[in-house]
2 protein chains.
Amino acid sequence: MARKRFDDSNCSVARALNEVGDWWSLLIVLQAMYGTRRYVDFQQQLGIAKNILCDRLSRLVENDVLAKVDVGEHGSRYEYRLTDKGRDLFPVVIALRQWGDKWNPAPDQAALDLRDRASGRPISPMQVQDADGKPLALRDVFLPDLDEEQAG
Amino acid sequence: MARKRFDDSNCSVARALNEVGDWWSLLIVLQAMYGTRRYVDFQQQLGIAKNILCDRLSRLVENDVLAKVDVGEHGSRYEYRLTDKGRDLFPVVIALRQWGDKWNPAPDQAALDLRDRASGRPISPMQVQDADGKPLALRDVFLPDLDEEQAG
DNA sequence: TCAATAGGGTTGCATTATGAAACCGAATTG
DNA sequence: CAATTCGGTTTCATAATGCAACCCTATTGA
């Protein structure tokens, strides 16, 4: 049967995964963050099958993560550019990258060294924070509504 | 043909997606963060097929995201608990949740109101930061090595 | 004691999704 | 005017998914 979709799930994580939760979409977004814009470049850099790339690009455009722009230049006719919505996946991608670097480091390769362009210093590890910037662990957060219900 | 795997990719995002990048794994981790531990509860709360749940739980255990614990209690014999590696997905899940809340809000429902247990205040939006906590946008970061190569 | 139920899985089967390669049409290049 | 390039679509074999049915072990419960 068809893969289960989560378009109308009441969980925003499920709805997010519905748009970028497959094997390729987030990698395409990542590649776009590196500056890739053209179909052939995505295809070569990711090693993705062309029909799958077409499908994913279409869905990302449909979901307003990428915008398909007609550029009339010699041969390269379209560009896929990140929208604001797509750029807003930056924290997601960085969090995922840091998790991968920490728990599945490449055996013979240093992790990518992302740095602040202004200061030249490495970016800091992503963390969930309270309003003052104090780091919060999983056990430090709660859902007021749910916990009230459970208490009542 | 077989789905492409990224076990040995030089990209840590690809390696991360290889472990939790399918349609269900991250939702299982999310559910585990809510406190779910038992097979039947995952099954009912997620509405996932039993064989798929088995497969995903096994893979998450294999990848040390969950730990399978034998609890001899009446009927409920096993628990799947988050490991440190699994708990470390907290920023990823929160980033994804906030992205979903912002760009695909539920039509007739408020976003989940996660709060700091100590202060009672809402958690702040996830952001990529420099060493001082200054927020960084996509355009503010760069890869020193790559940029040197390109300059050279 | 013996049937009913719950937990945690497997198995079979139909439906989809994926990957590789071949093919296509328009525009450029040589 | 033949060969490329870009951006796709088509075909086909293989893998993944979802559902329902089944299984085995404990535990109830009467």
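Everything that follows concerns the structure shown earlier in this document.
Please read all numbers here as calculations on a predicted model, not as lab measurements.

Asks: Explanation requested: the overall build of chain A in the structure shown.
Replies: Of regular secondary structure, chain A possesses 7 helices and 4 strands. Tracing chain A from N to C terminus, the helices and strands come up as α-α-α-α-β-β-α-α-β-β-α. For 152 residues, the compact-globule formula gives about 15 Å, and the C-alpha radius of gyration of chain A, at 19 Å, lies well above that figure. The 152 residues of chain A split such that 47% are buried. Expressed as a percentage of contacts within chain A between residues at least 6 apart in sequence, the contacts between residues at least 24 apart total 42%. Summed over its atoms, the accessible surface of chain A is roughly 8,100 Å², and 48% of this surface lies on carbon and sulfur atoms. With 21 positive and 24 negative side-chain charges, chain A shows a spacing of 7 Å between the two charge centroids.

Asks: Quick question: what am I supposed to make of the side chain of B:D130 here?
Replies: Residues and elements named next belong to chain B. Along the chain, D130 falls in the loop between strand 3 (115-116) and strand 4 (141-142). You can call D130 buried: its relative accessible area is 3%. In this structure the side chain of D130 is engaged in a polar contact, spanning 2.8 Å, whose partner is the backbone nitrogen of D132.

Asks: Sorry if this is basic, but what is going on with the pattern of salt bridges here?
Replies: When charged atoms on two side chains of opposite charge get close, those side chains can pair. Within the structure shown, the criterion is met by 28 salt bridges over all chains. Its salt-bridge partner being A:E79, residue A:R81 comes within 2.9 Å of it at the nearest N-O pair. One salt bridge in this structure joins B:D55 and B:R56, with 2.4 Å as the shortest N-O distance. Judged by its relative accessible area of 35%, B:D55 falls in the partly exposed class. In this structure B:R56 comes out as buried when scored by relative accessible area, which is 16%. Here the salt bridges share partners, and the residues they tie into one network are A:D22, A:D55, A:R56 and A:R59.

Asks: Just checking my understanding: could you explain the relation of the copies chain B and chain A for this structure?
Replies: For the pair of chain copies, the relating operation is a rotation around an axis with a shift along it. The two copies are related by a screw motion: chain B maps onto chain A through a turn of 180 degrees and a shift of 0.0 Å along the axis, at an RMSD of 0.0 Å. Both chain copies can therefore be described as sitting about a two-fold axis. Most of the interface of chain B is mirrored in chain A: 100% of its interface residues are interface residues there too.

Asks: Would you mind going over the interface of chain B and chain A with me for this structure?
Replies: Accessible area lost when the parts come together is the quantity often used to give the size of an interface. Listed as interface residues are 79 residues of chain B and, on the opposing side, 79 residues of chain A. Summing both sides of the interface, chain B and chain A together bury roughly 7,400 Å²; the carbon and sulfur share of this comes to 66%. The largest share of the area that chain B buries against chain A comes from B:W23, B:W99 and B:L138, three residues that together contribute 12% of it. The interface formed by chain B and chain A includes 8 salt bridges. A salt bridge links A:D116 to B:K134, with the nearest nitrogen and oxygen atoms 3.6 Å apart. Mapped onto the side of chain B that touches chain A, the elements with two or more residues apiece are helix 1 (12-20), helix 2 (25-33), helix 5 (84-87), helix 6 (90-103), strand 3, strand 4 and helix 7 (144-151) of chain B.

Asks: What am I meant to see in empty space enclosed by the protein here?
Replies: Think of a ball as big as a water molecule: rolled over the atoms, this probe shows where empty space is left. Evaluation of the coordinates by the stated rule reveals 2 cavities of 30 Å³ or more. When its volume is computed, the largest cavity comes out at roughly 100 Å³. In terms of lining residues, the largest cavity is bounded by 14 residues, among which A:L17, A:V20, A:L26, B:L17 and B:L26 are the most central. Class assignment for the residues of the lining of the largest cavity results in 10 nonpolar, 2 polar and 2 charged. Taken as a whole, the second largest cavity spans an internal volume of roughly 60 Å³. Around the second largest cavity, the lining residues are A:S124, A:P125, A:M126, A:Q127, A:V128, A:Q129, B:S124, B:P125, B:M126, B:Q127, B:V128 and B:Q129. Partitioning the lining of the second largest cavity into residue classes produces 6 nonpolar, 6 polar and no charged.

The rules behind these values
Residues numbered from 1 in each chain as written. Chains lettered and ligands numbered in written order. Predicted model: local features only at pLDDT ≥ 70, side-chain atom pairs only at ≥ 80, totals over all residues. Heavy atoms only, no water. Helix = DSSP H or I, 4+ residues; strand = E, 2+ residues; numbered from the N terminus. Rg over C-alpha atoms; globule rule 2.2 N^0.38 Å. Buried < 20%, exposed > 50% of the residue type's maximum accessible area, 1.4 Å probe, protein only. Contact = heavy atoms within 4.5 Å. Areas by Shrake-Rupley, 256 points an atom, 1.4 Å probe, with all protein chains shown as cover. Lys, Arg positive; Asp, Glu negative; His and termini not counted. Charge placed at Lys NZ, Arg CZ, Asp CG, Glu CD. Polar contact = N/O pair within 3.5 Å; in protein donor to acceptor, adjacent residues only side chain to side chain. Salt bridge = Lys/Arg side-chain N within 4 Å of Asp/Glu carboxyl O. Least-squares fit on C-alpha atoms with pLDDT ≥ 70 in both. Buried area = accessible area lost by both parts, 1.4 Å probe. 1 Å grid on protein atoms, 1.4 Å probe; cavity = no way out; pocket = protein on both sides within 12 Å on 5 of 7 lines; lining within 4 Å. Points joined across faces, edges and corners; volume = space filled by probe spheres on them. Nonpolar A, V, L, I, M, F, W, Y, C, P; charged D, E, K, R; others polar.

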